[in-house]
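The chain contents come next:
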Amino acid sequence: MKLVWLSSAALAVALAPGALTPEALAQDNAGDREVITVEATKTELDSFIYPGLTSSIDAEDLDLAQPVDLDDLLRAVPGVNIPGGPRRTGQTISLRGQGRDNTTLLMDGARQNFSSGHDGAIFVDPSLLVGVETVRGPASALYGSGASGGVVAFRTASAHDLLDAGESWGFELGAGYRSVDEEQRGTATVYGVNGGFDFLASISSRTSGDISLGSGADLPADDRSLSGLVKLGADISDGIRAELSWQSFDGDTTEPNNGQGVAGVGAFNALVDKDIQSDNINLALDIAPSSISWLDMNVSIYRNETGVTEAETASTRVLRRDLETTGISADQRFAFDLGRYESALTIGGEYYEDIQDGGDSADANGIRGGAPDADASFTAFYAQLEMQGPAPFGLPGEVVVLPGIRNDSFETSSTTSPATENDATSARFGVTYAPISDFNMFVNWGEAFRAPSINELYIDGTHFSLPHIILGPPTFISNEFIANPDLMPEETETLEIGFSLDLADRIGVDQLTLRTSWFETDAENLIDLFVDFQFDPTCFAPPFFAPCSAGTTQSRNVGSAELSGYEGQINFADGPVSIDASYSAVDGEDAATGEALGSLTPNRVFVDARYDFGEYRLVLGSRLQIAGDYERPTDASEHRDGYTVVDFYGRWRPFTASGLTLNAGVENAFDEDYERVFAGVSEPGRSVRFDVSWRQNF
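## Quick notes on the side chain of N663
Next up, step 1: Looking at where N663 falls in the secondary structure, it is placed in strand β36 (residues 660-667).
Next up, step 2: Assessed through its relative accessible area of 6%, N663 is described here as buried.
Next up, step 3: Non-local contacts of N663, meaning those with residues more than four positions away in its chain, are made with D63, L64, Q66, G650, R651, R689, F690 and D691.

## Looking at the sheet that holds strand β25 (residues 462-467)
Next up, step 1: Strand order in the open sheet formed by 4 strands is β25-β26-β30-β29, with mixed pairing between adjacent strands. Whereas interior strands pair on both sides, the edge strands pair on one side only; in this sheet they are β25 and β29 (527-532). Mean inter-strand twist for the sheet, computed between neighbouring axes without regard to direction, equals 20 degrees.

## Re the pattern of salt bridges
Next up, step 1: Enumeration according to the criterion identifies 52 salt bridges in this entry.
Next up, step 2: The salt bridge partner of R676 is D71, with a shortest N-O separation of 3.5 Å. Of the two residues, R676 is situated in the loop between β36 and β37 (687-697) and D71 in helix α4 (residues 70-74); the sequence distance between them amounts to 605 residues. Of the two residues, R676 and D71, neither departs from the other in class, the shared state being buried.
Next up, step 3: A salt bridge links R610 to D580; the shortest N-O distance between them is 3.0 Å.

## Structural notes on the sheet that holds strand β7 (residues 110-111)
Next up, step 1: Pairing within the open sheet is mixed, and its 5 strands lie in the order β3-β8-β9-β6-β7. Only two strands of the sheet have a single neighbouring strand rather than two, namely β3 (54-57) and β7.
Next up, step 2: With 2 bridges connecting them, strand β6 (residues 103-107) and β7 associate as antiparallel partners. For M107, the partnering residue across the bridge sits in β7 and is A110.

## Here's the deal with the pairing of strand β35 (residues 643-652)
Next up, step 1: Along β35, 7 of the 10 residues are buried, which leaves the element largely enclosed by surrounding structure.
Next up, step 2: Where strand β34 (residues 618-627) meets β35, 10 bridges bridge the pair, whose relative direction is antiparallel. What sits directly across from G621, in β35, is Y649.
Next up, step 3: The pairing of β35 with β36 spans 5 bridges and is antiparallel. Each bridged residue has a counterpart across the sheet, and for G650 the counterpart in β36 is A664.

What counts and what doesn't
- Residues numbered from 1 in each chain as written.
- Predicted model: local features only at pLDDT ≥ 70, side-chain atom pairs only at ≥ 80, totals over all residues.
- Heavy atoms only, no water.
- Helix = DSSP H or I, 4+ residues; strand = E, 2+ residues; numbered from the N terminus.
- Buried < 20%, exposed > 50% of the residue type's maximum accessible area, 1.4 Å probe, protein only.
- Contact = heavy atoms within 4.5 Å.
- Pairing = 2+ DSSP bridges.
- Axes fitted to C-alpha atoms, helices over the stretch in contact; angles between N-to-C directions.
- Salt bridge = Lys/Arg side-chain N within 4 Å of Asp/Glu carboxyl O.

Pasting the structure below:
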């Protein structure tokens, strides 16, 4: 029924009389804005008129920011929160109040599905990246399960990103230092092009120690990592390109088992040597030969292997969690005119499989609590129509119509519990109406779902242990995980309304755009971890006080919630001056009780302002983060004070004819002691950093 409704609505727009001729439309739609393809939206639209909010971080942004972790990388994006604290291995991600399980992460188009309670979300050195795109709001109509919060797409470098026309090869060497954790880094990259072939090889290392917090305390950490990227490309023939890449991360960290927050080493949080290994292999094919006008296909075949091994330093116990993801996706884009409407239909399919293997050397059966041996597979087909043309019903201006639908079938299985099968259909409908070229309004409606993860379905083993309530140590009792293969998928429905405004021509500057929106998400069948902590009556009955347990822990569908918020972004540039700003806030509550629910954030503002002294090849800038008080939960212990954090940075390229670049900055310049929501620990204090690089092309 929903598909019929979507198709009928799109057809009604297409057949209605318009107000502009195609020639007038083309002239009105020109301007200075770049028409871009946002990978995570699979469209070829000016991002200014896309019915929804997107953000792009390009190579220039990355070069000025020199990010060291996920928070550095994404802090400027509205609606994004990086909980977990300052340790890289503990950082996770949430979008618009929805956590890691509701955020789809892509690396060069390949899914990154690793998800753990406290072992991080994605493992890649930021120095290997040349771009990051975010699409906020439900994206299940394109990406299926786990995209109800949105999509974050990371893109690694290729030779073509680093070479200009007429150059055939080059190299880059880099080094850096950050004082807050005494981090030292080094990178080396070589790349080249020969005819229709190109290559890039890069290696990066980082070492760091304890983190000096704004509170004056030190957060124990000992972090070492080695990352690599090899990418081979070939233009096989006209319009046909293949690209094979391997991205690797090898991390070695000594920290508490749970590296999030401020939790120190204790009986239930042992100090461990944590080894993180991640390998991603991806074959991407772009097929659009000029001899076949209708063929415009993208294919991605990938395999990701991510493992975290934790060896307790005070014992011989070793815990392990490994996830293997294998997938293939393909989509074909058909471009055509539908009356006076420039149209495109994207159809595609996807299959991917996750296989998890967990282990605990201290368990008689080798079972690691919370990391069951299980697998899940998804098969999906989707379609998205894109239409752009004159507004209907005699209205002035133009419209963009973007309906889409996707169906997922998924299966999960485990050796210890019955297999499950289910399916879900996700739809979206977005409309942008632009009465004039520099102003538009949009409405975006979408459904999304999240299939229960294999951890939630088949969770088993021991959750935690503690001394016997009567006998005490060395007799211990446990709270045990209980599987729940009857879990239903989470379901969300989101309505988003916003507008875009371009004032550059009206006030005579190079760029001044504003995009803002309000959204509301209704969620049902939320999955939560329910801890039934109680002692069995036999614990108190002599003579043996056994059997004795400390209760059970199980994942359950617990109810519904409402999330709402607003966000916006402003981009200004005129001559040497550039200012980028964003603001956002997310609120949410349990629909039944009114209690705060979700990864909520207070009012937040981020401003990045810089001045380019062109003739001196010098850029100076400052970043400002402002957050209001967070007092949403009833529990006062979860409240957080507002904060203001100021950074200063600069980049100097002293010589015209050489590739020397010097970056320097002071982060948290005024040593603000602040804590972000759900971080559980004060953030890093004042830090001085230096980076130097040399790039030479031939």
